[in-house]
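Summary of the model geometry
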Amino acid sequence: MLFSSRFCACGAALLLGLLAGGCEKKDPLAERRFQLLLEENTRLAQAVAALEPGKPAPSAQAQSFSAAAITAVTADNERLRDILANHDREKALAANKAQREPIEKQVTEIRGLEFKEPVDYQVLSRKQIKETMAGKLAEVFSEKEFRQMSDAMAAIGLLPPNYPLRQKYIDLLSEQVAAFYDQHQHKLFMYEDASLENAQNRVVLAHELTHALQDQHFGLKRMPLEIKNNDDQAEAASALVEGDATLVMSEFMLKNMSRQMFKDSMLASFTQNMKQLETAPRYLREMLVFPYLRGQEFCAALFGQGGYDAISKAYAHPPSSTSQILHPEKYMSNPPEEPIAIAWPELNVKGHLPTADNTVGEMGVRILFTEWLDAATGELAATGWRGDRYLYYADGEALVWKTVWASAKDATEFFDAEKKSLEKRYEPANPIDIEHRYEADAPRTLRLRQTDANEVILIDTPHADWAEALKSFH
């Protein structure tokens, strides 16, 4: 970078090597650096040529020092480095092919599905991980949408205010062990430094190969994994996908358990970079591990009813809520207990549409009250969830959140927990607290009410006019 910045500072006179006649003097240091670029170009070209003997690798072949020559040689060096890097990745893939094939075979035997086509493997360097993850997220959510999600979750109490959700999510996703599957590109990415000599990496590959099987047989892009207005449904679908793969991974590990695998697994548990996960807000931590842990329990319940065939059938009608994941009997009942949809006749308030329109779900409610109160209260208050929907209006920093419960008792338990949570978060001044109604006007306008229809509705905004405008929701 010193090379580039030095040229920029010279107003392009030195950059041009004085060829334009704007100055009389030459820069010996710049010319020497150019010679080093040429020497590097020669070495790189020879290395590339050695990959295919008899086929010369063209180089920039610059004859004299100039700005154009510098640009050409620099670009050519980058091109040649890319060729060598790609060759190294292909070499790494070829080297572990013999180790991948028996893992693929075992995964198909365990899952009872065959690969319809060969798995498309790609190798990433560690430097490319965050870039790749950022690209994957950008395919689905814009930076603006991430900000809107973060603001809405902060209004509910699930995230801190002004939380950099997009960047933190990328950091969390980058804490991978060995591989990940991308259903958009239908490729399985492996990290170039994740050797399959390591038993833990073989276990992780078994997990990701299961995703490749799922994609080929059920079409992961058809699953509601990236639905934008129902986080609860997306989390439930993810629990089926990840729970299935975790179940296969667990069986793979048991079939291959050895002293070395135990040693590698223990080593991974102590050495894996968990800093991002440990420092993330509870909601992100819990929701990232939920599909794996709770999803495996859900898939185990399906397996108990009909083996992997029962799990395969679930892809045609994936679970629709985290409530079904937490309580598999709700999914397996005939008919399944589906969430109650919440509809409002009009979303436009004071000339504004909501910037977030979403669902928290039973697991989200549990996490919310575990964070602000305690785990026992969280579980109790979330039990009996039958549906919810929230709207957030950024223009008025206004939240309206309606929840529906299985019984009056369940609604009251949620009402009481939400009231305590609001008191802890805001310390309202002189609140009105009577049966099934809680209100405050400072420091925020709060309106919490339980209805005879086992609903609980919350309005939360710092602006009294927005609270008045939202009364129709209440």
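Summary of the structure given here. Note that the structure is a prediction, hence the values are computed from the model and not measured. Here, residues in each chain are numbered from 1, in the same order as that chain's written sequence. Local features in this predicted model are restricted to residues whose pLDDT is 70 or higher, and side-chain atom pairs enter the listing and the counts only when it is 80 or higher, whereas totals over whole chains, interfaces and linings include all residues. The basis for every side-chain value is the complete set of heavy atoms in the structure, and neither hydrogens nor water enter the calculation.

1. Some points on the environment of Leu-44
- Under the DSSP-based scheme used, a helix requires at least four consecutive residues in state H or I and a strand at least two consecutive residues in state E, with every element numbered from the N terminus. Mapped onto the elements of the fold, Leu-44 is located in helix H2 (residues 28-51).
- Counting along the chain gives 33 residues from Leu-44 to Asn-77, while the straight-line C-alpha distance between them is 7.0 Å.
- For Leu-44, the contacting residues outside a window of four places in its chain are Asn-77, Leu-80, Arg-81 and Leu-84. Contact definition: two residues touch when any of their heavy atoms are within 4.5 Å.

2. Quick notes on unusual backbone geometry
- For the peptide bond that leads from Asn-334 to Pro-335, omega is 0°, which places it in the cis range.
- A cis geometry characterises the amide bond from Ala-442 onward to Pro-443, with omega recorded as -5°.

3. Comments concerning the sheet that holds strand S9 (residues 445-450)
- Taking strand neighbours across the sheet as the criterion, the 7 strands line up as S4-S5-S6-S10-S9-S8-S7 in an open arrangement whose pairing is antiparallel. Two strands lie at the open edges of the sheet, namely strand S4 (356-358) and strand S7 (432-434), each paired on one side alone. With direction set aside, neighbouring strand axes in the sheet form an average angle of 5°.
- Strand pairing follows a simple DSSP-based rule, namely that at least 2 bridges must link the two strands. Of the pairings in the sheet, the one linking strand S8 (residues 437-440) to S9 comprises 4 bridges and is antiparallel in character. What sits directly across from Arg-437, in S9, is Arg-449. Each axis is a line fitted through C-alpha atoms, taken for helices only over the stretch in contact, and angles between the N-to-C directions span 0 to 180 degrees.

4. What to know about the pattern of salt bridges
- Take a side-chain nitrogen of Lys or Arg and a carboxyl oxygen of Asp or Glu: if they are within 4 Å of each other, that pair is a salt bridge. Summed over the entire model, instances satisfying the criterion amount to 18 salt bridges.
- Between Glu-362 and Arg-366 there is a salt bridge, with its nearest N and O atoms 3.8 Å apart. One end of the pair is Glu-362 and the other is Arg-366, both in helix H15 (residues 361-372) and 4 residues apart, which spans about a single turn. For the pair Glu-362 and Arg-366, one class covers both residues: buried.
- Lys-471 is the salt-bridge partner of Glu-468, the closest N and O atoms lying 3.5 Å from each other. The buried label applies to any residue whose accessible area, calculated with a 1.4 Å probe on protein chains only, is under 20% of its type's maximum; exposed applies above 50%, and partly exposed to all values in between.

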